[in-house]
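Next come the chains, spelled out residue by residue.
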Amino acid sequence: MEIGIDSFASAMYGSNQLTPVVAMEQLLERIELADQAGLDVFGIGEHHKKEFLDSATAVILAAAASRTKNIRLGSAVTVLSAADPVRVFQSFATLDLISKGRAELVVGRGSSVEAYPLFGFSLDDYDALFKEKLDLLLKIRDQEFVTWQGKFRAPLHNQPVYPRPLQQKLPVWLGVGGTPESFVRAGALGLPLMVAIIGGNTARFRPLIDLYREAGTRSGFKPDELKVGLHSPGYVADTDAITINEYYPGYAELWTKLGRERGWPPVTRPQFDHLAGPEGVLVLGGPERVAEKLLRHSEALGGIDRFTFQMDNAGLTHQQLMHAIELIGAKVIPLVKAG
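Residues numbered from 1 in each chain as written. Predicted model: local features only at pLDDT ≥ 70, side-chain atom pairs only at ≥ 80, totals over all residues. Heavy atoms only, no water.

Caption draft 1: Up close: the packing of aromatic side chains. Counted under the stated rule, the structure contains ten aromatic pairs. Considering the side-chain rings of Trp 255 and Trp 264, the 5.8 Å spacing of their centres and the 20° angle between planes classify their relative orientation as stacked. Owing to a relative accessible area of 11%, Trp 255 belongs among the buried residues under this scheme. The exposure class of Trp 264 is partly exposed, given its relative accessible area of 36%. By the ring-pair criterion, three or more aromatic residues cluster together here, those being Tyr 235, Tyr 247, Tyr 248, Tyr 251, Trp 255, Trp 264 and Phe 272. Across from the ring centre of Tyr 248, 4.7 Å away, lies the NZ or CZ of Arg 269, which sits over that ring. (Phe/Tyr/Trp six-rings, centres within 6.5 Å; stacked < 30°, edge-to-face > 60°. Buried < 20%, exposed > 50% of the residue type's maximum accessible area, 1.4 Å probe, protein only. Lys NZ or Arg CZ within 6 Å of the ring centre and 35° of its normal.)

Caption draft 2: Expanded view of the pairing of strand 1 (residues 2-7). Counting buried residues in strand 1 gives five out of six residues, a clear majority hidden from the surface. Relative to strand 14 (residues 306-310), strand 1 runs parallel, the two being bridged by five bridges. Opposite Glu 2, over in strand 14, you have Arg 306 as the bridge partner. Here strand 1 runs beside strand 4 (residues 41-44); their pairing, made up of four bridges, is parallel. In the strand pairing of strand 4, Ser 7 is matched with Ile 44. (Helix = DSSP H or I, 4+ residues; strand = E, 2+ residues; numbered from the N terminus. Pairing = 2+ DSSP bridges.)

Caption draft 3: Spatial organisation of the packing of helix 2 (residues 57-65) against helix 3 (residues 85-98). It is at 9 Å that the axes of helix 2 and helix 3 come closest, and there the two elements cross at 5°. Taken together, helix 2 and helix 3 sit at an angle that is classed as roughly parallel. Across the interface between the two elements, Thr 57, Ala 58, Leu 61, Ala 62 and Ala 65 of helix 2 pack against Ser 91, Phe 92, Leu 95 and Ile 98 of helix 3. In terms of residue class, the contact of helix 2 with helix 3 is built from seven nonpolar, two polar and no charged. (Axes fitted to C-alpha atoms, helices over the stretch in contact; angles between N-to-C directions. Parallel < 35°, antiparallel > 145°, perpendicular 65-115°, else oblique. Contact = heavy atoms within 4.5 Å. Nonpolar A, V, L, I, M, F, W, Y, C, P; charged D, E, K, R; others polar.)

Caption draft 4: Focus on the side chain of Ser 81. In this fold, Ser 81 is placed in the loop between strand 6 (78-79) and helix 3. Classification of Ser 81 as buried rests on a relative accessible area of 0%. Of the polar contacts made by the side chain of Ser 81, one reaches the side chain of Tyr 116; its length is 3.3 Å. With near-sequence residues (within four places) excluded, Ser 81 lies in contact with Gly 108, Arg 109, Tyr 116, Phe 121, Tyr 126, Leu 129, Phe 130 and Lys 133. (Polar contact = N/O pair within 3.5 Å; in protein donor to acceptor, adjacent residues only side chain to side chain.)

Caption draft 5: Quick look at the side chain of Ser 7. Its location among the elements puts Ser 7 in strand 1. On the basis of relative accessibility, which here comes to 2%, the residue Ser 7 falls in the buried class. In terms of polar contacts, Ser 7 uses its side chain to reach the side chain of Asp 312, at 2.5 Å. Excluding residues that lie within four positions of it along the chain, Ser 7 makes contacts with Leu 27, Phe 42, Gly 43, Ile 44, Gly 45, Gln 310 and Asp 312.

Caption draft 6: Structural view of the nonpolar core. Within the largest apolar cluster, 93 residues are counted, with the highest numbers of intra-cluster contacts made by Phe 309 and Ile 328. Residues contacting Ile 328, with those up to four places away along its chain left out, are Ile 3, Ile 5, Leu 39, Val 236, Phe 309, Met 311, Ile 333 and Pro 334. Counting five residues, the second-largest nonpolar core is a separate cluster that includes Ala 82, Ala 115, Tyr 116 and Leu 129. (Core = buried A, V, L, I, M, F, W, Y, C linked by side-chain atoms within 4.5 Å.)

Caption draft 7: Geometry of the pattern of salt bridges. Under the definition given, this model contains 14 salt bridges. The partner of Arg 153 in a salt bridge is Asp 84, with the nearest N and O atoms 3.0 Å apart. Of this pair, Arg 153 sits in the loop between strand 8 (145-148) and strand 9 (156-160) while Asp 84 sits in the loop between strand 6 and helix 3, placing them 69 residues apart in sequence. Judged by its relative accessible area of 24%, Arg 153 falls in the partly exposed class. Asp 127 is paired through a salt bridge with Arg 109; the nearest N and O atoms lie 2.9 Å apart. Here Asp 127, found in helix 5 (residues 126-142), pairs with Arg 109, found in the loop between strand 7 (103-108) and helix 4 (115-118); they are 18 residues apart in sequence, far enough to count as distant. Overlapping salt bridges, with partners in common, bring together Glu 2, Arg 72, Glu 104 and Arg 306 in one network. (Salt bridge = Lys/Arg side-chain N within 4 Å of Asp/Glu carboxyl O.)

Caption draft 8: Summary view of the environment of Glu 225. Residue position: Glu 225 is located in the loop between helix 7 (206-218) and strand 12 (228-236). For the pair Glu 225 and Ile 304, spaced 79 residues apart in the sequence, the C-alpha separation amounts to 12 Å. In contact with Glu 225, not counting residues within four places along its chain, are Gly 190 and Tyr 212.

Caption draft 9: Structural detail: helix 7. Helix length check: helix 7, at 13 residues, gives a terminal C-alpha distance of 18 Å against a target of 18 Å (1.5 Å per residue), a fit within 8%. Considered for burial, the residues of helix 7 that qualify are Leu 208, Ile 209, Tyr 212, Arg 213, Ala 215 and Gly 216. Taken end-on, helix 7 shows its buried residues confined to a sector of 160°, consistent with a single buried face. Looking at helix 7, the residues exposed on the side facing more than 90 degrees away from the buried face are Pro 207, Thr 217 and Arg 218. Structurally, helix 7 contributes buried residues whose contacts are with helix 6 (180-189), strand 11 (193-196) and strand 12. (Expected span 1.5 Å × (residues − 1). Arc of directions from axis to C-beta.)

Read these as geometric descriptors, not functional statements.
If you want it as structure tokens, here you go:
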């Protein structure tokens, strides 16, 4: 199992707002440390909100590429529906050249939808936009000269797209939430699957992942081509008690705020304790507990190939996040490999 981190480039740590310059420098320091600590991947999301700095994902990743050597660098996710697939490919092909073959993409429709009005798209076309633009992106990835026609973009007639990446086939993962059609789509295309699970019990996604694998098999893909990744909130500290005490206040503050925006009830401590329990989605604790939970999640889902922690969403300080990265590299990864 590959293990890494996803970040939304938050400029907020609890009630203490950082300047954008400081927040960006600290993010790059964390990516650099993740590389040194032996983590496998670091992903940057895409939002267009005041509290996040990740609207130009590939630019951040290119800066990180110049400071790292081994860690893979990707999006988490690119809101492909509101983007131009040609420019997305060009940006990540360029990143691949800068990083010497370490770039990858996770593309999705986006659960945070502010990109649609910003770039002039209608939410009424939410799925149609993604389906069409994913088709174009994969054609560009697989063919240097592209002939293509769709509804939402001007056609291409034997048009070359440059630069080409260093990797022969730029990795494109499909980021999904809980829609069965999305799992089937990923399987039918033979794309690796990145499942964002942010609430409830992780095992409840097993039927959807089975749909993905069944669709992939029907389309002629081998089991080792149908990779499954899992993205969930999590945090590691020296002990279970320290982890919970550091994580809960910021988590409750953030998710209660999001709840007001999206119609969810406020976070309660019993609810949090359930999510942090053996079957719950939150991957929290000391290294031993976290490793055990990752292995349990993998077994419940029929095997996962990658797990990425979403850590900078609970008011944690830069120093706490840096220590968590050290613990993941020094203790969690060896325990998972040994398990």
